[in-house]
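Inside the fold
Residue-level listing of the chains:
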Amino acid sequence: MFQTETHISCLFPEILAIIFSYLDVKDKGRVAQVCAAWRDASYHKSVWRGVEAKLHLRRANPSLFPSLQTRGIKKVQILSLRRSLSYVIQGMPQIESLNLCGCFNLTDNGLGHAFVQDIPSLRVLNLSLCKQITDSSLGRIAQYLKNLEVLELGGCSNITNTGLLLIAWGLHRLKSLNLRSCRHVSDVGIGHLSGMTRNAGMIHLSQMTQLCSLNLRSCDNISDTGIMHLAMGSLRLSGLDVSFCDKIGDQSLAYIAQGLYQLKSLSLCSCHISDDGINRMVRQMHELKTLNIGQCVRITDKGLELIADHLTQLTGIDLYGCTKITKRGLERITQLPCLKVLNLGLWQMTESERMR
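Residues numbered from 1 in each chain as written. Predicted model: local features only at pLDDT ≥ 70, side-chain atom pairs only at ≥ 80, totals over all residues. Heavy atoms only, no water.

Scanning the protein from terminus to terminus reveals 15 helices and 14 strands. In the protein, once contacts between residues fewer than 6 apart in sequence are set aside, the share between residues at least 24 apart is 71%. Of the roughly 17600 Å² of accessible surface on the protein, a fraction of 52% belongs to carbon and sulfur atoms. (Helix = DSSP H or I, 4+ residues; strand = E, 2+ residues; numbered from the N terminus. Contact = heavy atoms within 4.5 Å. Areas by Shrake-Rupley, 256 points an atom, 1.4 Å probe, with all protein chains shown as cover.)

Viewed as axis vectors pointing N to C, helix H10 (residues 224–232) and helix H11 (residues 250–259) meet at an angle of 0°, and their least axial separation amounts to 9 Å. For the element pair H10 / H11, the angle class is roughly parallel. Contacts between H10 and H11 pair Asp 224, Ile 227, Met 228 and Ala 231 from the former with Gln 251, Ser 252, Tyr 255, Ile 256 and Gly 259 from the latter. Residue composition of the contact of H10 with H11, grouped by class: five nonpolar, three polar and one charged. (Axes fitted to C-alpha atoms, helices over the stretch in contact; angles between N-to-C directions. Parallel < 35°, antiparallel > 145°, perpendicular 65-115°, else oblique. Nonpolar A, V, L, I, M, F, W, Y, C, P; charged D, E, K, R; others polar.)

Further remarks concern unusual backbone geometry. Phi is positive for Leu 129, close to 65°, though the residue is something other than glycine. Locating Leu 129 in the fold gives a position in the loop between strand S4 (124–126) and helix H7 (135–144). Leu 129 gets classed as partly exposed once you look at its relative accessible area, which sits at 35%. You will see that Ser 181, though not glycine, has its phi angle at about 65°, which is positive. Mapped onto the elements, Ser 181 comes out in the loop between strand S6 (176–178) and helix H9 (187–194). (Buried < 20%, exposed > 50% of the residue type's maximum accessible area, 1.4 Å probe, protein only.)

With 96 residues, the main nonpolar core has Leu 98, Phe 115, Ile 167, Leu 240 and Ile 307 as its most contacted residues. Ignoring anything within four residues of it in the chain, the contact list for Leu 98 reads Val 76, Ile 78, Leu 85, Val 88, Ile 89, Phe 115, Leu 122, Val 124, Leu 125 and Asn 126. (Core = buried A, V, L, I, M, F, W, Y, C linked by side-chain atoms within 4.5 Å.)

A separate point is the sheet that holds strand S10 (residues 239–241). The strand order across the open sheet formed by twelve strands is S1-S2-S3-S4-S5-S6-S9-S10-S11-S12-S13-S14, and the pairing between neighbours is parallel. Because the sheet does not close on itself, it has two edges, and the strands there are strand S1 (52–57) and strand S14 (341–343). Ignoring which end each strand starts from, the neighbouring axes of this sheet average 5° apart. Of the strand pairs in this sheet, strand S2 (residues 75–81) and strand S3 (residues 97–99) are connected by three bridges, and their pairing is parallel. Note that in S3 the partner of Gln 77 across the bridge is Asn 99. (Pairing = 2+ DSSP bridges.)

What follows covers the packing of aromatic side chains. Inspection of the entire model under this criterion finds one aromatic pair. Centre to centre, the rings of Phe 65 and Tyr 87 are 5.1 Å apart; their planes meet at 70°, and the pair counts as edge-to-face. Highlighted residues: Phe 65 in helix H4 (residues 64–70) and Tyr 87 in helix H5 (residues 86–91), separated in sequence by 22 residues. One residue, Arg 83, lies across the ring of Tyr 87, its end atom 4.4 Å from the ring centre. (Phe/Tyr/Trp six-rings, centres within 6.5 Å; stacked < 30°, edge-to-face > 60°. Lys NZ or Arg CZ within 6 Å of the ring centre and 35° of its normal.)

The following block contains the structure:
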């Protein structure tokens, strides 16, 4: 009997597509240049599922967006923006994710020309470090991106409380909001998000019922009052970051215990909290998995003992720079049954010490 060897060129396109789907993005592009059969197989949408196209928009390229659509690519990151943003929106009407992080030259005018009608497919928008963006753009976003689920505004230092009011008005499906270093945002804006703003003498209920993650890291004007708004409002957050908000103190921990007890992740790094605040919080936080209290220099072994006694579901804790804790407190923390991640930073324990 004669034996024949099967060459890769004999494989069905569907099999080639499965093989190509395991390649990294660069290699996916390379196999498309081998021959016509490989090119056709590499353009199958299953090969590019979940891939984010990274683009430099410098000059017109008529084949760019048709090529992306053929491959089923719906996620785009703009690395440099020298053309109108409307060029992207018109070229990809089914876009699901748009990352403009660091596009410093993006203005309200440019974004306004791009968002002129509903874009129901867009779920994720990243405008981090787009420092020229103001509340005007948030008005456009709230009007035309009604299905948005993730909005990244970290470092957009011209955003104010008015912008948060617009977000609360229009983005009812938002799940994650990043306002890191938005220094003009204050407790009033948090009131808008949480439904604690008075209209005609009545407190309105927030319609942002799906918001579960809120990042307020380094928002200098957020205080205990803002946390009170979150705790008393209608939001049901699972993740909250108020690290480096130096107006946050022990009273915030009391508010968190009263109204944000469903949190799974809480970051309070460098906040002015003490063992007393920990004592007021821990008994209610049965679902907390991650607690970051690095650089909270008033925390002592007493606070760690309270955490070890009550936060038994913790899987991770950050204690970097907590200079008043000692080996005694750390030994109690290491006895937490679910603990997987312990960041000590300035403190180090050997494996043998943890096992004692």
